[in-house]
Each structure stands twice: as structure tokens, then as C-alpha cells.
Amino acid sequence: MIRLSQVGKRYGDRDALRGVDLELPKGSLNFLMGPSGAGKSTLLRLLLALERPDAGQVEVAGINLGTLPRRQRPAYLRRVGAVFQDPQLLADRTVYQNVALPLQLAGYPEPAQGPRVRAALGQVGLAGAEGRLPRALSTGERQRVGIARALVHRPALVLADEPTGNLDPALSAEIMGLFQRFQQVGVTVVIATHDVDLAQRFSGQALHLEGGRLVGRAALGGAS
Ligand SMILES: Nc1ncnc2c1ncn2[C@@H]1O[C@H](COP(=O)(O)OP(=O)(O)O)[C@@H](O)[C@H]1O
Ligand SMILES: [Mg+2]
């Protein structure tokens, strides 16, 4: 699903990523770990085709992202779900409208949007929240709306950058549990987190980055 070979990314005179080789199979659950500045977000931005590598190749589902023409990026992003620390919901739109937004932007036919939006909300346990506004939701609920919005396209790949960064331990475990469920239905999941204890509770793979290098891979416990 994902193949990186000798990937490098520079910002000025600083290497954000260096010589990264990585293959992640379809349907795998992967935690990108490492201290702040290790290169986790940079790697996710490359996988989102938001930036191009300066060296090596980044390939997702057979698509070489380093040479993907800019006009083809929207079509690529429709196959990918992205989740960030702050879901950045539109404050004046309901939960339903926020989740439907990617479908609207993609020109998805209006009548077909409802079932997709409701399915995505159901998957994150927010089936009854359609008509609510973001300010009427808890922090954990807002993050789940962000995840529903990322899923509404039924992406084959979900990328999350510190998705539990704003949440307490109980909510964090709940959100990670959601990602695990997507993985169980065949979605490839890559989550950047510095929360080692949390990741340990899930079965999957830890990928350790340090100073822009991939310094280790390990199977996680999955004790929960
Ligand atoms: N847009 C940018 N401009 C300049 N330097 C950047 C930029 N993005 C990241 N970096 C640098 O690249 C390195 C890796 O950053 P990042 O990928 O954000 O790490 P992480 O997400 O693991 O904390 C850091 O040294 C950071 O300062
Ligand atoms: Mg980061």
C-alpha cells in the first residue's frame, strides 16, 4: 500500500527526513513514534502529497507522489482520510454539514450524500448528533466529527497526526480504538503520536523516527 525508498526531505539546511525505507501493507495499523522534531508530520505530509520528497520515492497504491501532477492531487486525496490534532470544524455549520463538506467539494450528488454522512457518523458513535453545532459538542465529540469527515469518502488510507493531542487518556484510548476498528475492515492506518503508553495498548506496528531517520520497527502489545 505504502512504499518509501530512500526518502529525504530538507528544510533549508536541515534534514527533516533522511534515507527512509519503509513498506506498509494494506490493512496495517502503524504508529509513527518519536520525539518532537523527529519528522513524523513531515512523513505524513509527504503521504498526503502536500509536499514532495527531495530524494527517493514515495508511492501509495502504486501512485508515485513525487511526480503526481498538481491537478491530480484532489483525486488522490479522495482516497485518503486525514485527521489532525485540531479538527478545525466550521463553527456555523452543523455536524452533518461539516461531515458532508468533502463530498460537496468533490461534487458528489446531493441525494447520495445523506447515507454516506450517516454511515460515517454511525462509525464514530455520533449517529444522533447530526443537527448539533460544534460548540455544543465536547472536545472528544468534535474530534470524532473530524474523523467522520475523514472517513466519509471511504478512504483506503487514513493518516492521523497527533489525533489525541488535545484529549485526556480515556478519550485518547477511545479515539485510538476507532482507528483500530477501521484497520480491522481493511483500511491502512498511519498515526503519528508521541504517546508510547497509549500505542502499546494496540496491536500493530511501531515505527520509530529520530532525527529524520527510521531507527526502529517493533510489534506492539495489543494488551487491551
Ligand atoms: N515547514 C517547515 N519549515 C522548516 N522546517 C520544518 C518545517 N516542517 C518541519 N520542519 C523541521 O523538520 C523537522 C521535523 O519536523 P516534524 O516533521 O514537524 O517533526 P514531528 O512531527 O516529529 O515533531 C524539525 O526539525 C522541524 O523543525
Ligand atoms: Mg508533528
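The shown structure was predicted, so the numbers you read here are calculated from the model rather than taken from an experiment.

Can you walk me through the site of ligand 1 in this structure?
Contacts to ligand 1 come from Tyr11, Arg14, Ala16, Pro35, Ser36, Gly37, Ala38, Gly39, Lys40, Ser41, Thr42 and Arg45. Within the side chain of Arg14, a nitrogen or oxygen atom sits 3.4 Å from an oxygen atom of ligand 1. Here an oxygen atom of ligand 1 sits 2.6 Å away from a polar atom, N or O, in the side chain of Thr42. Surface burial for ligand 1 is 64%, taken as the share of its 550 Å² of free accessible area covered by protein chains. When residues of the shell around ligand 1 are traced back to their parent elements, those giving at least two are strand S2 (14–24) and helix H1 (40–47). The element best represented in the shell around ligand 1 is H1, accounting for four residues.

I tried to follow the nonpolar core on my own but got confused; where do I start?
A general feature of soluble globular proteins is that nonpolar side chains tend to end up buried together. Grouped together as the largest cluster of nonpolar side chains are 39 residues, with contacts concentrated most on Phe31, Val99, Ile147, Phe179, Phe182 and Ile191. Counting only elements with at least two residues in this core, the list comes to strand S3 (29–33), helix H3 (95–105), helix H4 (110–123), helix H5 (139–151), strand S7 (157–161), helix H6 (169–184), strand S8 (188–192) and helix H7 (196–200). Here this core gets six residues from one element, more than from any other, and that element is H6. Not counting the four nearest positions on each side in its chain, Phe182 is found in contact with Gln123, Ile147, Leu151, Val187 and Val189. Formed by 28 residues, the second largest nonpolar core is a distinct cluster that contains Ile2, Val20, Ala38 and Leu209.

What is the right way to read the pairing of S8 from this model?
Looking along a regular strand, one sees the side chains alternate between the two faces of the sheet. For S8, a buried count of five out of five residues is recorded, marking the element as mostly surrounded by other parts of the structure. With burial as the criterion, each face of S8 is covered, one bearing Thr188, Val190 and Ala192 and the other bearing Val189 and Ile191. Bridge count for S7 against S8 is five bridges, and the pairing is parallel. Bridge pairing in S8 places Val158 opposite Val189. Handedness of the crossover is the feature at issue here: the chain leaves S7, passes through H6, returns alongside S8, and the resulting connection is right-handed.

What's the story with the environment of Ala156 in this structure? I'm lost.
Relative to the helices and strands, Ala156 resides in the loop between H5 and S7. For the pair Ala156 and Thr188, spaced 32 residues apart in sequence, the C-alpha to C-alpha distance is 6.2 Å. Contact partners of Ala156, with chain neighbours within four places excluded, come to Met1, Arg79, Val187 and Thr188.

Where do I start with the packing of aromatic side chains in this structure?
Here the distance between the centres and the angle between the planes together describe a pair of aromatic rings. The final tally for this structure, using the stated rule, is two aromatic pairs. With centroids separated by 6.3 Å and ring planes inclined at 35°, the aromatic side chains of Phe31 and Phe202 adopt a geometry described as tilted. Highlighted residues: Phe31 in strand S3 and Phe202 in the loop between H7 and strand S9 (205–210), separated in sequence by 171 residues. Per residue, the accessibility class of Phe31 equals that of Phe202, and both read buried. Ring plane angle 90° and centroid distance 6.0 Å describe the contact between Phe179 and Phe182, whose orientation is recorded as edge-to-face. Of this pair, Phe179 and Phe182 both sit in helix H6, three residues apart, which is roughly one turn of that helix. What makes Phe179 buried here is its relative accessible area of 0%.

Explain the sheet that holds strand S4 (residues 55–60) to me, please; I cannot follow it from the model alone.
Sheets are built from strands that pair by backbone hydrogen bonding, the pairs being arranged parallel or antiparallel. Overall, antiparallel pairing links the four strands, which are arranged S2-S1-S4-S5 in an open sheet. Sheet topology places S2 and strand S5 (63–64) at the edges, where each strand pairs with a single neighbour. With two bridges joining them, S4 and S5 adopt antiparallel strand pairing. What sits directly across from Glu59, in S5, is Asn64. Running at roughly 120° to strand S1 (residues 2–11), H1 makes contact with S1, S2 and S4 of the sheet.

Parameters and conventions
- Residues numbered from 1 in each chain as written.
- Chains lettered and ligands numbered in written order.
- Predicted model: local features only at pLDDT ≥ 70, side-chain atom pairs only at ≥ 80, totals over all residues.
- Heavy atoms only, no water.
- Near = heavy atom within 4 Å.
- Polar contact = N/O pair within 3.5 Å; in protein donor to acceptor, adjacent residues only side chain to side chain.
- Areas by Shrake-Rupley, 256 points an atom, 1.4 Å probe, with all protein chains shown as cover.
- Helix = DSSP H or I, 4+ residues; strand = E, 2+ residues; numbered from the N terminus.
- Core = buried A, V, L, I, M, F, W, Y, C linked by side-chain atoms within 4.5 Å.
- Buried < 20%, exposed > 50% of the residue type's maximum accessible area, 1.4 Å probe, protein only.
- Contact = heavy atoms within 4.5 Å.
- Pairing = 2+ DSSP bridges.
- Right-handed = clockwise from strand over helix to strand, strands pointing away.
- Phe/Tyr/Trp six-rings, centres within 6.5 Å; stacked < 30°, edge-to-face > 60°.
- Axes fitted to C-alpha atoms, helices over the stretch in contact; angles between N-to-C directions.

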